[in-house]
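Each chain is listed here by its residues.
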Number of protein chains: 2
Amino acid sequence: MSSLDEFGLIRRLTEGKQPAALQKVAGVDTGIGDDAAVAGITEGFRLVLTCDTMNEEIHFKQITMRDSDIGFKALTAAVSDIAAMGGIPRYALVSLSMPKKTAPERVYSIYEGLYEAAGQWNVMVVGGDTTSCIGGISLAVTVIGEVENGRALVRSTAKPGDAVFLTGPLGQSAAGLESLLERGISSAQWDTFEAGTDTLVQSHCRPRPQIQAGRLLLQSGLCHALNDVSDGLASEAWEIAEASGVGLDLIEERIPVPDELYAFAASRGGTHLTIFCMAERITSWSAPLPRSISLSCK
Amino acid sequence: MSSLDEFGLIRRLTEGKQPAALQKVAGVDTGIGDDAAVAGITEGFRLVLTCDTMNEEIHFKQITMRDSDIGFKALTAAVSDIAAMGGIPRYALVSLSMPKKTAPERVYSIYEGLYEAAGQWNVMVVGGDTTSCIGGISLAVTVIGEVENGRALVRSTAKPGDAVFLTGPLGQSAAGLESLLERGISSAQWDTFEAGTDTLVQSHCRPRPQIQAGRLLLQSGLCHALNDVSDGLASEAWEIAEASGVGLDLIEERIPVPDELYAFAASRGGTHLTIFCMAERITSWSAPLPRSISLSCK
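Reference entry: report on the structure contained in this document. Here the structure is a predicted model, which is why all the values come from computation and not from measurement.

### Remarks on the interface of chain A and chain B
Where interface size is given, it is often the accessible area lost as the parts come together that is meant.
Next up, step 1: Taken residue by residue, the interface counts 59 residues in chain A and 59 residues in chain B.
Next up, step 2: For the pairing of chain A and chain B, the buried interface totals around 4300 Å² over both sides, and the portion due to carbon and sulfur atoms is 56%.
Next up, step 3: Our count for the chain A to chain B interface comes out at 6 salt bridges.
Next up, step 4: Residues Arg-155 of chain B and Asp-35 of chain A are paired through a salt bridge, measuring 3.0 Å at the closest nitrogen-oxygen approach.
Next up, step 5: For the pair chain A and chain B, the number of links is 27 residue pairs in polar contact (both at pLDDT 80 or more).
Next up, step 6: Contributions of two or more residues to the side of chain A that touches chain B are made by helix H1 (3-14), strand E1 (28-30), strand E2 (37-39), strand E3 (45-55), strand E4 (88-98), strand E5 (124-132), strand E6 (138-148) and helix H8 (233-244) of chain A.
Next up, step 7: The leading source of residues in the side of chain A that touches chain B is E3 of chain A, at 9 residues.
Next up, step 8: For the side of chain A that touches chain B, the residue count by class is 26 nonpolar, 18 polar and 15 charged.

In structure tokens, the structure reads:
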């Protein structure tokens, strides 16, 4: 079977995985299978547009993620960007590049995870592109969402006097990654490794976007600026501060660090927390902050 | 300079390349630089969504395209999909993956070509993702367009009695590619090679999407089904036939083959045209056609 035939087969097997009922609810006139998809957005709403790419050996390795996790996380990361604008995710376009020798099973699993995430976050996959490449698997996902006109929660409108808040604890994903790298699980071992019971690993492989939090914050009218924390607190806080022309005070004691993370750090000598939390007490600044900041372990 | 710093620099140098005036005309509330872009579409219109990916050594090599051509063609290929629906291209999201050792100059050139195409086709680049990868450069471009509600020119509505037509001649891009592969131009030689004067090479490296033709065909109300011919006439005709449940008669004498192509084929012994035109007299069929069909050289 030539690679072209294989890609054709894969396309056929991955198409039609979403219920037709969803297509109607989602407002899709034309889905996968034409030159382009045709779909609608809610009247009076604006588009929210983002893309996110995950590359083999850079964002994932066979010892850090199952194939289904790759699909799940790539779509979820883009959905998280929509959530960070206070938007509602609607549609996705998926570009998958893979070496010609890639086993079709890997591709099925990637799409399985992708459709699982799409189902969970109520997103309809309306198109995509499957091509071969040299090097490793590359998965680029574009998510199209919508938001009420003039209400998007951008990062440039934080104001002096605003409280800095987080929607949840930090650091589990980075600790999960470190834990996976230490264990070195082979792809065959994943079946017996209960990733779902390890909250740190779960945070890394199966993140949950804060769609509802974003919507509530938008609807409350109380939130001036919002970011998703995917590159660490320091980096994201800096982005808001720079874009808004303000300083931020991050109070170390109030940064929510979950108990598992202290336990994980303690089991490794207690110094590892520095790379996980990336946050520190900071008072107004003008120069860029470093991307990662140490937080001393209690 | 670490790769991260380089990417940051590249991002800074490539952002703000589009005039602020375009941003207002285009209806962009928030462009590059936040979690996601926020933009509008025309009231009563539907979204048209597509993505297209170009990978090094698969879709281009250093002997077949300058870096600026890669950016130009990747965006243009996605715009062509919008045109093939009768739509108006509006916004683009760009995902660029590249090996860590990639020279920043290559990236600048890719973006230069990308912005050149964006300017020509009136598309605003509103976001993207720049990441590293193993293997070669990969460029995935999503284009978001719009079309009048219920008017998109899909491929499933061809009807018995419809005339089959083409908006222009065929085969130049494939011949241009063959010509480039024969010449084996190194990246240093591109500067002195006048690609612009060679219409076959120009067709391969700098394609022109049929945006206006798509709009006219939609507005005329006379066109029942439309595809862009990027994979050859046979393949695209088959897609329309299969989706619409009809047969198509392609009349060999009426397929527009430009003189340069006959000259190119003749200079190579006259048999090469078979791979360029991929079309043949075909009468109604029910089974899938082969992807490429020979056309005898006159």
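### Some words on empty space enclosed by the protein
Next up, step 1: A full pass over the atoms with the stated rule returns 3 cavities of 30 Å³ or more.
Next up, step 2: Taken as a whole, the largest cavity spans an internal volume of roughly 90 Å³.
Next up, step 3: Considering the residues around the largest cavity, the lining is formed by 15 residues, among which Ile-134 and Gly-136 of chain A together with Cys-133, Ile-134 and Gly-136 of chain B are closest to the centre.
Next up, step 4: Estimates place the volume of the second largest cavity at around 70 Å³.
Next up, step 5: Lining the second largest cavity are 14 residues, and of these Ser-95, Ala-140 and Thr-142 of chain A together with Ala-140 and Thr-142 of chain B sit closest to its centre.
Next up, step 6: Elements supplying a minimum of two residues to the lining of the second largest cavity: E4 and E6 of chain A together with strand E3 (45-55), strand E4 (88-98) and strand E6 (138-148) of chain B.

### Looking at the sheet that holds strand E5 (residues 124-132) of chain B
Next up, step 1: Taken together, 6 strands build an open sheet; the order of strands is E1(A)-E2(A)-E3(B)-E6(B)-E4(B)-E5(B) and the sheet is mixed. Each edge of the sheet is formed by a strand with only one pairing partner; in this case those strands are E1 of chain A together with E5 of chain B. Going across the sheet, the axis of each strand differs from the next one's by a mean of 20°, ignoring polarity.
Next up, step 2: Here helix H4 (residues 104-120) of chain B sits on the sheet and contacts E4, E5 and E6 of chain B; the angle it forms with E4 of chain B, its principal contact strand, is near 170°.
Next up, step 3: Docked against the sheet, helix H7 (residues 211-220) of chain B engages E4 and E6 of chain B, running at close to 30° with respect to E6 of chain B.

### With respect to the sheet that holds E4 of chain A
Next up, step 1: Spatially, the 6 strands line up as an open sheet ordered E5(A)-E4(A)-E6(A)-E3(A)-E2(B)-E1(B), and their pairing is mixed. With one partner strand each, in any of the chains shown, E5 of chain A together with strand E1 (28-30) of chain B form the two edges of the open sheet. Within this sheet the neighbouring strands show an average axis-to-axis angle of 20°, counted without direction.
Next up, step 2: Along the sheet, helix H3 (residues 67-83) of chain A contacts E3, E4, E5 and E6 of chain A; its crossing angle with E3 of chain A, the most-contacted strand, is approximately 145°.
Next up, step 3: Against the sheet, helix H7 (residues 211-220) of chain A makes contact with E4 and E6 of chain A, and its axis sits at roughly 30° relative to E6 of chain A, the strand it touches most.

### Considering the relation of the copies chain A and chain B
Next up, step 1: Mapping chain A onto chain B is achieved by rotating through 180° and translating by 0.0 Å along the same axis, at an RMSD of 0.0 Å. The superposition of one copy onto the other is thereby described by a two-fold rotation axis. Relative to the rotation axis, the closest C-alpha in chain A is found at Gly-135 of chain A, a distance of 1.8 Å.
Next up, step 2: Mapped onto chain B, 100% of the interface residues of chain A are again interface residues, and the two copies thus contact each other with one and the same surface.

### Comments concerning the side chain of Asp-228 of chain B
Next up, step 1: Within the element layout of this structure, Asp-228 of chain B appears in the loop between H7 and helix H8 (233-244).
Next up, step 2: No salt bridge is formed by the buried Asp-228 of chain B; its nearest oppositely charged neighbour, Arg-155 of chain B, is found at 5.7 Å.
Next up, step 3: If we skip the residues at most four places from it in the chain, Asp-228 of chain B touches Asp-35 of chain A together with Ser-80, Asp-81, Ala-84 and Glu-236 of chain B.

### Notes on helix H5 (residues 172-183) of chain A
Next up, step 1: For H5 of chain A, with 12 residues, the first-to-last C-alpha span of 16 Å sits near the 16 Å given by 1.5 Å per residue.
Next up, step 2: Phi turns positive one or two residues past the end of H5 of chain A, at Gly-184 of chain A, with a value near 60°.

### Considering the environment of Thr-50 of chain A
Next up, step 1: Structurally, Thr-50 of chain A can be placed in strand E3.
Next up, step 2: Residues Thr-50 of chain A and Ile-82 of chain A, 32 residues apart in the sequence, show an inter-C-alpha distance of 7.1 Å.
Next up, step 3: Among residues more than four places away in sequence, those in contact with Thr-50 of chain A are Ala-78, Asp-81, Ile-82, Val-141, Thr-142 and Val-143 of chain A together with Asp-35, Ala-36 and Leu-93 of chain B.
Next up, step 4: Side chain to side chain, Thr-50 of chain A and Asp-81 of chain A meet in a polar contact 3.0 Å long.

What counts, and where the lines are drawn
Residues numbered from 1 in each chain as written. Chains lettered and ligands numbered in written order. Predicted model: local features only at pLDDT ≥ 70, side-chain atom pairs only at ≥ 80, totals over all residues. Heavy atoms only, no water. Contact = heavy atoms within 4.5 Å. Buried area = accessible area lost by both parts, 1.4 Å probe. Salt bridge = Lys/Arg side-chain N within 4 Å of Asp/Glu carboxyl O. Polar contact = N/O pair within 3.5 Å; in protein donor to acceptor, adjacent residues only side chain to side chain. Helix = DSSP H or I, 4+ residues; strand = E, 2+ residues; numbered from the N terminus. Nonpolar A, V, L, I, M, F, W, Y, C, P; charged D, E, K, R; others polar. 1 Å grid on protein atoms, 1.4 Å probe; cavity = no way out; pocket = protein on both sides within 12 Å on 5 of 7 lines; lining within 4 Å. Points joined across faces, edges and corners; volume = space filled by probe spheres on them. Pairing = 2+ DSSP bridges. Axes fitted to C-alpha atoms, helices over the stretch in contact; angles between N-to-C directions. Least-squares fit on C-alpha atoms with pLDDT ≥ 70 in both. Buried < 20%, exposed > 50% of the residue type's maximum accessible area, 1.4 Å probe, protein only. Lys, Arg positive; Asp, Glu negative; His and termini not counted. Expected span 1.5 Å × (residues − 1).

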